[in-house]
Amino acid sequence: MDIEARLAELGLTLPQAAAPVAAYVPAVEAGGLLHISGQLPFDEAGQLMRGRLDGADDVARGQEAAKRCALMLVAQIKAALGGSLDRVERIVKLGAFIASGPEFTDQPKVANGASELMVALFGEAGKHARSAVGVPVLPLGAAVEVDAIVALRRP
């Protein structure tokens, strides 16, 4: 499947892969797996999507933030693989961290924003295991952060 064509069909564009904001690297390939560091959500204007999710009205905003994290994950995968997504065999796992209040329990619904995009882009190979965890605060005040483990084909 041509991921670039699928992105265009969905009316989406990959952002520029973000540089790390601390002492880590965006991706590490080991044992046939590509581990992608947590990615934050940037809207189409390049602004960080911030704030805690506290109520039912915040689910849609959180889903959009998770989707934007997933787009950044794909951008990081592409950058780590030298500009091509051809070696992606499967999205193995996503870890979603949602900045949310103590009464908010819709973290899985928020994380669906990332999960559904991976399936839309990669088809069956985009189906993955997942964690969706509520946390009190995320780096830079982000609303959502998502990391990934990706199985790769041999070069």
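My aim in this report is to walk through the structure given alongside it, one point at a time. (Residues numbered from 1 in each chain as written. Predicted model: local features only at pLDDT ≥ 70, side-chain atom pairs only at ≥ 80, totals over all residues. Heavy atoms only, no water.)

**Regarding the overall build of the protein chain**
Along its length, the protein chain carries three helices and five strands. What you see in the protein chain, going N to C, is helices and strands ordered as α-β-β-α-β-α-β-β. Against the globule reference of 15 Å for 155 residues, the protein chain gives a C-alpha radius of gyration of 15 Å, in line with a compact fold. Looking at the protein chain as a whole, 41% of its 155 residues qualify as buried. (Helix = DSSP H or I, 4+ residues; strand = E, 2+ residues; numbered from the N terminus. Rg over C-alpha atoms; globule rule 2.2 N^0.38 Å. Buried < 20%, exposed > 50% of the residue type's maximum accessible area, 1.4 Å probe, protein only.)

**Side note on the pattern of salt bridges**
Scanning the model with the defined rule gives seven salt bridges in all. As a salt-bridge pair, D54 and R52 come within 3.7 Å of each other at their nearest N and O atoms. When its relative accessible area of 43% is taken as the criterion, D54 is described as partly exposed. A residue is classified by how much of its surface remains accessible, and R52, at 38% relative accessible area, is partly exposed. (Salt bridge = Lys/Arg side-chain N within 4 Å of Asp/Glu carboxyl O.)

**Comments concerning the side chain of D58**
Inspection of the secondary structure puts D58 in the loop between strand 2 (33-39) and helix 2 (59-80). For D58, the side chain forms a polar contact with the main-chain nitrogen of D54, separated by 2.8 Å. If near-sequence neighbours (up to four positions away) are discounted, D58 is found in contact with R52 and L53. (Polar contact = N/O pair within 3.5 Å; in protein donor to acceptor, adjacent residues only side chain to side chain. Contact = heavy atoms within 4.5 Å.)

**Digging into the nonpolar core**
In this structure, I77 and V144 are the most contacted members of the largest nonpolar core, which totals 38 residues. Those elements that provide at least two residues to this core are helix 1 (3-9), strand 2, helix 2, strand 3 (88-99), helix 3 (107-122) and strand 5 (144-152). Leave out the neighbours within four places in its chain, and I77 touches L34, I36, L85, V88, I91 and V150. One finds L48, A99, V135 and A142 within the second-largest nonpolar core, a separate group that totals six residues. (Core = buried A, V, L, I, M, F, W, Y, C linked by side-chain atoms within 4.5 Å.)

**Describing helix 3**
The end-to-end C-alpha separation of helix 3 is 23 Å, in line with the 22 Å expected for 16 residues at 1.5 Å each. Most pronounced at G113, the bend in helix 3 amounts to some 35°. All of the buried residues in helix 3 are Q107, V110, A111, G113, A114, S115, L117, M118, L121 and F122. Directly beyond the C-terminal end of helix 3, a positive phi value near 65° is found at G123. (Expected span 1.5 Å × (residues − 1). Bend = angle between axes of the 7 residues up to and from the residue.)

**Observations concerning the sheet that holds strand 3**
One open sheet holds the five strands; their spatial order is 1-2-5-3-4, and the pairing between them is mixed. Each of the sheet's edge strands pairs with one partner strand only, and the pair in question is strand 1 (27-30) and strand 4 (129-135). Each neighbouring strand pair of the sheet contributes to a mean axis angle of 15°, computed without reference to strand direction. Judged from the five bridges that link them, strand 2 and strand 5 form a sheet pairing that is antiparallel. Across the sheet, residue L33 finds its bridge partner in strand 5, namely A151. (Pairing = 2+ DSSP bridges. Axes fitted to C-alpha atoms, helices over the stretch in contact; angles between N-to-C directions.)

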